[in-house]
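One-letter residues, chain by chain:
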Amino acid sequence: MPQQFTPCWPGECRAAISLTFDDGMPSQLARAVPMLNEADLQASFYLVMRGADYLEKLAPWREVAKAGHEIGSHTVGHICSHAFRDNPAAKGLENMTLDDIEKDLVEAKSRLRQLVPDQKEMSFCYPCYMEHVGRGPTRQSYVPVVARHHIAGRGKGEFPFANHPATVDLHYAWSWPAERMPGSQMVGLVEACVAGNRWGILTFHGIQEGHLSVAESDLRELVNYLKVNHGRVWTAPVAKVARRILDWRAANGI
Ligand SMILES: [Zn+2]
C-alpha cells in the first residue's frame, strides 16, 4: 500500500528527524542552540510559560526563534501525575478536568504568541509525556484538547519504532527519550528511520546539566551526522514536519 503514495519528505530525503528539547533549560541555550546554528539545523524547544515575569525570563528564546527554531508550548503549570507525590491532595492530572487543561493550554499559547509573535504554527509537548486527566473509571485523554489548539503534540513512543506519515497521530506523535544515550545509538535510530521512510523524534532535557541529561559530545555526534547527511535525512522542527505531513496526506487522499 505505501508504494502508491508520493514521497513525503523533501528532495531526496528518506526520513525526517525532529530534535526536541524540553523545559527551556540553560544548557540548551548555552550548548544545543549554538551547536545547531553552526550546523544550520533547526529544532523544537518546548517552554513552560510559568510566572508573571515569563516574557522577561524567556526573552533569550526570541533570538532562538529568529534563527528558525520552533518555540513550542509545554503548558503554564507543567502538571504531571500526582503519583509522583505522597500527598493525595497534591495537584496533579488525576484531580484535574479537561476544562482545567484547556484553560492552561489556551493561556500558554497566548503567552507564546506574545513571546514569538512571528511564529505561525506551534506544536505542544506533554509534560512527563502524560496525556490524561482523572483516574481509573473517570480517566480521559486530553489529546483532543491539544488537537483543538495545536498543529501537533509530542508524546513518547517505544524503541525502536518511529512515526509513519500515513499513520502517526499528529497530536500524540511518538518520541524517544534520549537521556544518557550514546551518540552512536542516536545515529542508529536515524538510520532505522531512513530504512522505513519514517519520522523519528528525539527528546532531550539537560545537555550535560541537571535531570535527564545527555553528554554534549553525544549530542554533537548526532548533530554532525545530521549535518553531513542533510541530503538524505530532513531535520526539521515538529510543527514544520506536521505541516508537511498534513499537506502530503491531502495530496494523497489520506
Ligand atoms: Zn517537561
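Cut-offs applied
- Residues numbered from 1 in each chain as written.
- Predicted model: local features only at pLDDT ≥ 70, side-chain atom pairs only at ≥ 80, totals over all residues.
- Helix = DSSP H or I, 4+ residues; strand = E, 2+ residues; numbered from the N terminus.
- Buried ≥ 20, exposed ≤ 12 C-beta atoms within 10 Å, placed from the backbone.
- Axes fitted to C-alpha atoms, helices over the stretch in contact; angles between N-to-C directions.
- Left-handed = near helix turned anticlockwise from the far one by under 90°.
- Contact = placed C-beta atoms within 7 Å.
- Expected span 1.5 Å × (residues − 1).
- Pairing = 2+ DSSP bridges.
- Parallel < 35°, antiparallel > 145°, perpendicular 65-115°, else oblique.
- Nonpolar A, V, L, I, M, F, W, Y, C, P; charged D, E, K, R; others polar.

A.B. asks: Run through the overall build of the protein chain, naming residues and quoting values.
C.D. replies: The secondary structure content of the protein chain amounts to eight helices and 10 strands. For the C-alpha atoms alone, the extent of the protein chain along its principal axes is close to 50 × 40 × 35 Å. Within the protein chain, the proportion of its 254 residues that are buried is 41%.

A.B. asks: Any chance you could break down the packing of helix 6 (residues 183-196) against helix 7 (residues 216-228) for me, citing the residues and the numbers?
C.D. replies: Close contact between helix 6 and helix 7 brings their axes to 8 Å; oriented N to C, the two are set at 30°. Judged by the twist between their axes, the crossing of helix 6 over helix 7 is right-handed. On helix 7, the residues that touch Gly183, Met186, Val187 and Val190 of helix 6 are Ser217, Asp218, Glu221, Leu222 and Tyr225.

A.B. asks: Give a detailed account of helix 7, specifying residues and quantitative values.
C.D. replies: Quick reminder: α-helices carry 3.6 residues per turn. Residues three or four places apart thus point the same way. An ideal rise of 1.5 Å per residue puts 18 Å on 13 residues; helix 7 measures up with 18 Å between its terminal C-alpha atoms. Packed against the buried residues of helix 7 are strand 1 (15-22), helix 1 (26-39), helix 6 and strand 10 (233-235).

A.B. asks: I'd like a rundown of unusual backbone geometry, residues and numbers included.
C.D. replies: Here the bond from phenylalanine 159 into proline 160 is cis, since omega is -5°, no more than 30 degrees from zero. With respect to the element layout, proline 160 can be found in the loop between strand 7 (153-154) and strand 8 (176-177). The residue aspartate 40 is not glycine, and still its phi comes out positive at about 55°. You can see aspartate 40 is positioned in the loop between helix 1 and strand 2 (44-47). With a phi angle near 65°, tyrosine 129 is a residue other than glycine that sits in the positive phi range.

A.B. asks: I'd like to hear about the pairing of strand 3 (residues 70-73), residue by residue, with values.
C.D. replies: Residues Glu70 and Gly72 of strand 3 are buried on one face, and the alternating residues Ile71 and Ser73, pointing to the opposite face, are buried as well. For strand 2 and strand 3, the ladder comprises four bridges, and the chain directions are parallel. Bridge pairing in strand 3 places leucine 47 opposite serine 73.

A.B. asks: Residues and numbers for helix 8 (residues 238-251), please.
C.D. replies: Taking 1.5 Å as the rise per residue, helix 8 with 14 residues should run 20 Å; its terminal C-alpha atoms sit 20 Å apart, in good agreement. Among the residues of helix 8, Val238, Ala239, Lys240, Val241, Ala242 and Ile245 are the ones counted as buried. Buried positions along helix 8 lie against strand 1, strand 2, strand 3, strand 7 and strand 9 (199-204). Following helix 8 by one or two positions, glycine 253 has its phi on the positive side, about 65°.

A.B. asks: Tell me about the packing of helix 1 against helix 7, and name the residues and values.
C.D. replies: Closest axis-to-axis distance for the helix 1/helix 7 pair is 10 Å, and the angle between their directions is 20°. Classed by the angle they form, the pair helix 1 and helix 7 counts as roughly parallel. Pair helix 1 / helix 7 crosses with right-handed handedness. On the side of helix 1, the interface is formed by Arg31, Ala32, Met35, Leu36 and Ala39, while helix 7 contributes Glu216, Leu219, Arg220, Val223 and Lys227. Considered class by class, the residues forming the contact of helix 1 with helix 7 number six nonpolar, no polar and four charged.

A.B. asks: Residue-level account of the environment of isoleucine 151, with values.
C.D. replies: Within the fold, isoleucine 151 resides in the loop between helix 5 (143-149) and strand 7. On a C-alpha basis, the gap between isoleucine 151 and methionine 122 in space is 6.5 Å, while along the polypeptide they are 29 residues apart. In contact with isoleucine 151, not counting residues within four places along its chain, are Glu121, Ser123, Ala239, Ala242 and Arg243.

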